[in-house]
Each structure stands twice: as C-alpha cells, then as structure tokens.
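# Tertiary structure, described
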Amino acid sequence: MIIDALQCGHFNRPVFEALRKARMSAVTNTCGIWEDPMESLDAIGRWRDLAAENADIVGIATTVEEIETLNVQDRLAIVLGFQNSDLFGNRIRFVEMFAELGVRVVQLTYNNQNSVCGACYEPSDSGLARFGHELIKEMNSSGILIDTSHVGERSTLETIAASRKPIAITHANARSLYDHLRNKSDKVLHALRDTGGVMGCAVYRNITGDYYCASVRNWAEMVARTVDIVGIAGVGIGTDFGHDNTLADFAWFRKGRWTRGEDFGAGAKDKPVKVPRPEWLGNDTTNLGVIPDGLREVGFSEAEVQQICNGNWKRLYRETFRSR
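The rules behind these values
- Residues numbered from 1 in each chain as written.
- Predicted model: local features only at pLDDT ≥ 70, side-chain atom pairs only at ≥ 80, totals over all residues.
- Heavy atoms only, no water.
- Helix = DSSP H or I, 4+ residues; strand = E, 2+ residues; numbered from the N terminus.
- Rg over C-alpha atoms; globule rule 2.2 N^0.38 Å.
- Contact = heavy atoms within 4.5 Å.
- Lys, Arg positive; Asp, Glu negative; His and termini not counted.
- Charge placed at Lys NZ, Arg CZ, Asp CG, Glu CD.
- Phe/Tyr/Trp six-rings, centres within 6.5 Å; stacked < 30°, edge-to-face > 60°.
- Buried < 20%, exposed > 50% of the residue type's maximum accessible area, 1.4 Å probe, protein only.
- Core = buried A, V, L, I, M, F, W, Y, C linked by side-chain atoms within 4.5 Å.
- Salt bridge = Lys/Arg side-chain N within 4 Å of Asp/Glu carboxyl O.
- Axes fitted to C-alpha atoms, helices over the stretch in contact; angles between N-to-C directions.
- Parallel < 35°, antiparallel > 145°, perpendicular 65-115°, else oblique.
- Left-handed = near helix turned anticlockwise from the far one by under 90°.
- Disulfide = S-S within 2.5 Å.

## Considerations on the overall build of the chain
Scanning the chain from terminus to terminus reveals 13 helices and eleven strands. The C-alpha radius of gyration computed for the chain amounts to 18 Å, which stays within 12% of the reference 20 Å derived for 324 residues, consistent with globular compactness. With the C-alpha coordinates of the chain rotated into their principal frame, the extents come out at 45 × 40 × 40 Å. For the chain, restricting intrachain contacts to residue pairs at least 6 apart in sequence, the fraction spanning at least 24 positions comes to 70%. Positive and negative side-chain charges of the chain, numbering 37 and 42 respectively, have mean locations separated by a distance of 3 Å.

## Describing the packing of aromatic side chains
According to the stated counting rule, one finds eleven aromatic pairs in the structure shown. Ring centres of Trp34 and Tyr110 lie 5.6 Å apart, and the angle between their planes is 85 degrees; on these two criteria the pair is classed as edge-to-face. Taken together, the positions of Trp34 in the loop between strand E3 (24-28) and helix H2 (37-53) and Tyr110 in the loop between strand E6 (103-107) and helix H5 (130-142) put the pair 76 residues apart, joining distant regions of the chain. Judged by its relative accessible area of 12%, Trp34 falls in the buried class. Look at Tyr110 and you get buried, because its relative accessible area is 8%.

## Quick notes on the nonpolar core
Judged by nonpolar contacts, the single largest core of 72 residues is most densely connected at Phe16, Leu108, Trp219 and Leu295. Considering every element that reaches this core, the biggest residue donor is helix H10 (residues 216-230), with eight residues. One finds Ala5, Ala26, Val105 and Leu316 within the second-largest nonpolar core, a separate group that totals 17 residues.

## Digging into the pattern of salt bridges
Taken as a whole, this structure holds 16 salt bridges when the rule is applied. A salt bridge links Glu17 to Arg13; the nearest nitrogen and oxygen atoms lie 3.3 Å apart. Highlighted residues: Glu17 and Arg13, both in helix H1 (residues 13-21), separated by four residues, approximately one helical turn. By sharing partners, the salt bridges in this structure join Arg13, Glu17 and Asp56 into a single network.

## Remarks on the packing of helix H4 (residues 93-100) against H5
In the contact formed by H4 and H5, the axes pass within 9 Å of each other and the chain directions differ by 30 degrees. Here H4 is positioned roughly parallel relative to H5, judged by the angle of their axes. H5 is crossed by H4, and the crossing has right-handed handedness. Across the interface between the two elements, Val95, Glu96 and Ala99 from H4 touch Leu135, Glu138, Met139 and Ser142 from H5.

## Brief notes about the environment of Gly132
Looking at where Gly132 falls in the secondary structure, it is placed in helix H5. Owing to a relative accessible area of 0%, Gly132 belongs among the buried residues under this scheme. Along the primary structure Gly132 and Cys117 are separated by 15 residues, whereas in three dimensions their C-alpha atoms are 6.3 Å apart.

## Remarks on the environment of Glu153
Along the polypeptide, Glu153 turns up in helix H6 (residues 153-162). Each C-alpha atom, one on Glu153 and one on Ile60, is 32 Å from the other, the two residues being 93 residues apart in sequence. Beyond its immediate sequence surroundings of up to four residues, Glu153 is in contact with Asp125, Ser185, Lys187 and Val188.

## A closer look at the state of the cysteines
According to the stated counting rule, one finds zero disulfides in the structure shown. The cysteine Cys309 is free of any disulfide, with Cys201 supplying the nearest cysteine sulfur at 11 Å.

See the structure below:
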C-alpha cells in the first residue's frame, strides 16, 4: 500500500474510491495555502463533514496506529495538512490548538517570503526569522511535521538544523536530476538524509520533466537516482496530484491575495496553466497503483519497495506526530 505525502484539489467520494482502488494507505491533503486562521478552521470543518459523510471508506488519522487501524477496516486514512503556516496567523499559541484539531503536516511558507522564512521563488533567501525558530520549536512540541517543499535553500538548511525532530520535503524532486527552483539541491538532500528526514518524489510535470513523466519506469528511475543521493531511508512518495483543479484554483495557488499581476508558480509564460499529467498516469487516479511495479522494474527489492511506498513515511510520522 502507498502513503502519498501530498495531494490537493477537490476531494469527494469518487476520488476516495479511486484512491482506494490504487491501494492508497494514507494521503496528506491540502486544507489550505493562503488562508488565515478563521478560513483554516472552516476548511477543517469541511473536511470533518466530508470524512463523516464517507465514514465507510475514509477516516481522519493523527497517528500511525490510526492509519493502520483504518487500513485494516479497508478505509483510506486522511492526514490533515496545510501548505503554508499562514493558518497560525503569526500566533505561536495557535500551533498547539490546530494540532489538537488534528493538523499533522504544515509547510513553513508557500513560494513567498513570510514572517517565518524565505521561499523558493524569492531572489534572495533571508533564512529563518526569530519567529521561525520559535515556530519550529512549537511544531516539534505539538506533534506537527515540518514541511519545506516550497521553502528556499538557506531556510530549508536552517530548518533542518533548528528542528529537534526530522523534517519532510513532502513533494519535490532532486534539482540535480531536474533543474527547477522548486526542486532541492544535493546539499539540502544530504542534510535531510543525515537527520532522518524524508522527501516525497513528485509527479507534477513542471518539476519532474518530460523524460521522467514518459513512463512509470522512467519515473521509477528518477526515484532510484534520488535514492542514490538521499539513501533508501530518505525517499517516499509525494505526488502533488491535483484533483479537478480549475483555473480559479490555479489563480489562488499562484496569486492568492498578494498580487494583482500574473504569477506562473512552477510554470512559465510559455507553458499552459494546467500541464499534462505523466503519460503513465493520465487523469485516472487509480493508475497511482502501478508505482510499486515501476519500482520493481528498475531493480528495487520487495523490502525496498515497501520502504519507499509507505515504510519511510510511517517511520517519520511515528517520530514527529507525537507531542512533546
């Protein structure tokens, strides 16, 4: 079974059913990106309603034990996540409160400099702010996994050094394999490896490239080359798969409330807003289920396939989802 450390978009019963057919064990959703605390509470409320309405096939999980219990019941586990620390509203006490509501994964910032740290698209990376250091301590204590997928180079390295628990890069790829600002340098990946962190390899074409999107074998080849950099214990799956995102959704992801102008995010002016999914994946979420076979095809053993598909995330979740 597969743990996917990041998906986004519009979830509903057909999506849940497709993910179960793909043998997904757990998926970290995207409850919000630019939302403030009140909007984030609304998002959690909507997800609780959605989980209750589909309680026969899904459930919200806050521990590895809850993930495993849901799986035994043939139910998909949803791990509540946010792609920006804006949900805390720069209030340190809100970290513990959101953790008590079930939030387990939070990215420090999304593409832009904020009061916490620098971001991947800023021309310079200021590193961790004083508030960033305090936020990391509080997230460690509250049982929230720190994510730096859209965070800048210096800020990511300083986060790894500051955190007393291992961190995650939930959805990115190695920059040495595909050169893009959203991807991570070998220096970052070695620091992640040395501290027990995990990176989820993505399938999003703009940060994966046409070659690695051409077939599941090619994508698994990228995973194998990432293992050469990070080690087998530091690689998982974080597809960044978006469910039925619209032009309005993409505008929100890329522009939020911070600009009237055009922002292309991981794309570029000459690329369409919605790039094609990998050829082996297409629009059928159930095709995510071919990932284990792709990993076997490039030479991973059964034990290694298990590590990449779910074991490494379970280990990291056990180390970080506990409070204090």
